[in-house]
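Reading the structure
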Amino acid sequence: MGEQFQEQIEVLRQMCHDAFYCEEAAAWFTPDGFRSILALIGRNGQGVGTSSLSAWLKNCEQLNIPQIERKRFDKMVDRIYEKCDEESGSFLNCEGSALYMLQSLCNHSCDPNADITFPYHNHVLVLRATKAIFPGEEICVSYLNECDRDRSRHSRSKALSENYLFHCGCSKCEAQKNDPDVTSEDDDDEEEDSNYEDDEDENEVMK
C-alpha cells in the first residue's frame, strides 16, 4: 500500500492490538507483522458471492436456445448489469469477504481445473471440478473471471500483476508466451468490432 494509507493502517493495527493481543501472536501486532497479515488477507481473501441474480444467470446459461435468441439474451443481461453497476459497482455478486483455509491453498491458473462456487446461497464455499483431475495433479482456480480469462496473455498478465502482484506462468500463459503483446484496450476494440459484426449478421437474418 502507498504512503497515503500508512496512517489508517497504524490506526487499524492499534485497534486490533487493543482488541485481540496475546503473547502467542505478539509478532503479528508489530508494524511489519501487521502489514504481513494485510498482505495475506489481500492475496487470499475470497469474495462471498451469493447473489440471486448470479444464480439466475448461471441457470439461464444452461438453456438450449437458438443462437440469435442467445445473443439477444446476452445483450439483455449486459444492460441489466450496467444498470446494477450504477448502484452497486463491482460488489454486485459479492456480499462480503472471507478467508478459507483449503481454498487459500489453491494457486491460480488461466486454465483452471476447478471453480469456486457458493451453491447453497450462503457463506459455504464449494470447489467444483471443471475437468478431470488425476491423482497428484495440482488443483488450480482462476483469480480472473471468465471474460478476462478469454483475453490475450498480455491482458491477463496485466490484470494479475496490478491486482495480485505476480506474473502468471501457467500452462496457458506458457503456450501463449510468443503471442503479440495485445493490450486490454486492443482487446476491447476487437470485441466492439465483433459485436458490430454480430449485429449486422442478426439484422441480415431478421430481414
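Everything numeric here is computed off the predicted structure, so don't read it as measured data.

Things to note about the pairing of strand β4 (residues 114–117)
Where burial is concerned, the two faces of β4 agree: the one with Ala114 and Ile116 and the one with Asp115 and Thr117 are both buried. As paired strands, β4 and strand β5 (residues 126–129) are joined by 4 bridges and run antiparallel to one another. Along β5, the bridge assignment pairs Ile116 with Leu127.

Some points on the pattern of salt bridges
Evaluated as defined, the whole model comprises 7 salt bridges. The closest approach of N and O atoms between Asp32 and Arg35, which form a salt bridge, is 2.4 Å. Placement of the pair is Asp32 and Arg35 together in helix α2 (residues 31–44), with a separation of 3 residues, close to one helical turn. By relative accessible area, Arg35 is classed as partly exposed at 36%.

Some remarks on helix α3 (residues 52–61)
Three or more residues of α3 are buried, namely Leu53, Ser54, Leu57 and Cys60. Looking straight down α3, one finds its buried side chains confined to an arc of 120°; they lie on one side. Opposite the packed face of α3, turned more than 90 degrees from it, sit the exposed residues Ser52 and Asn59.

Brief notes about the packing of aromatic side chains
The full count for this structure, using the stated rule, is 4 aromatic pairs. Both rings, one in Tyr143 and one in Tyr164, keep their centres 4.8 Å apart while their planes meet at 40°; by these two values the pair is tilted. Taken together, the positions of Tyr143 in the loop between β6 (140–141) and α5 (146–149) and Tyr164 in helix α6 (residues 153–164) put the pair 21 residues apart, joining distant regions of the chain. The exposure class of Tyr164 is partly exposed, given its relative accessible area of 22%. Both rings, one in Tyr143 and one in Phe166, keep their centres 6.0 Å apart while their planes meet at 90°; by these two values the pair is edge-to-face. Of this pair, Tyr143 sits in the loop between β6 and α5 while Phe166 sits in the loop between α6 and α7 (171–175), and the two are 23 residues apart along the sequence. A residue is classified by how much of its surface remains accessible, and Tyr143, at 22% relative accessible area, is partly exposed. Taken together, the ring pairs in this structure connect Tyr143, Tyr164 and Phe166 into an aromatic cluster.

Describing the environment of Asn163
Relative to the helices and strands, Asn163 is located in helix α6. It is 9.5 Å that separates the C-alpha atoms of Asn163 and Tyr143, two residues lying 20 residues apart in sequence. From its side chain, Asn163 meets the backbone oxygen of Ala159 in a polar contact 2.9 Å long.

So, the confidence of the model for the protein
The predicted model of the protein averages 82 in pLDDT, with 82% of residues at 70 or higher. Per-residue pLDDT stays below 50 along residues 202–207; that stretch engages in 6 contacts with residues further than four places along the chain or on separate chains.

Considerations on helix α1 (residues 6–20)
Helix length check: α1, at 15 residues, gives a terminal C-alpha distance of 21 Å against a target of 21 Å (1.5 Å per residue), a fit within 8%. Taken together, the buried positions of α1 are occupied by Ile9, Arg13 and Cys16. Burial along α1 is one-sided: seen end-on, the buried residues are contained in an arc of 70°. Along α1, exposed side chains directed more than 90 degrees from the buried face belong to Glu7, Met15, Asp18 and Ala19. The secondary structure elements touched by the buried residues of α1 are α2.

Each value, and the rule that gives it
Residues numbered from 1 in each chain as written. Predicted model: local features only at pLDDT ≥ 70, side-chain atom pairs only at ≥ 80, totals over all residues. Heavy atoms only, no water. Buried < 20%, exposed > 50% of the residue type's maximum accessible area, 1.4 Å probe, protein only. Helix = DSSP H or I, 4+ residues; strand = E, 2+ residues; numbered from the N terminus. Pairing = 2+ DSSP bridges. Salt bridge = Lys/Arg side-chain N within 4 Å of Asp/Glu carboxyl O. Arc of directions from axis to C-beta. Phe/Tyr/Trp six-rings, centres within 6.5 Å; stacked < 30°, edge-to-face > 60°. Polar contact = N/O pair within 3.5 Å; in protein donor to acceptor, adjacent residues only side chain to side chain. pLDDT = per-residue confidence, 0-100. Contact = heavy atoms within 4.5 Å. Expected span 1.5 Å × (residues − 1).

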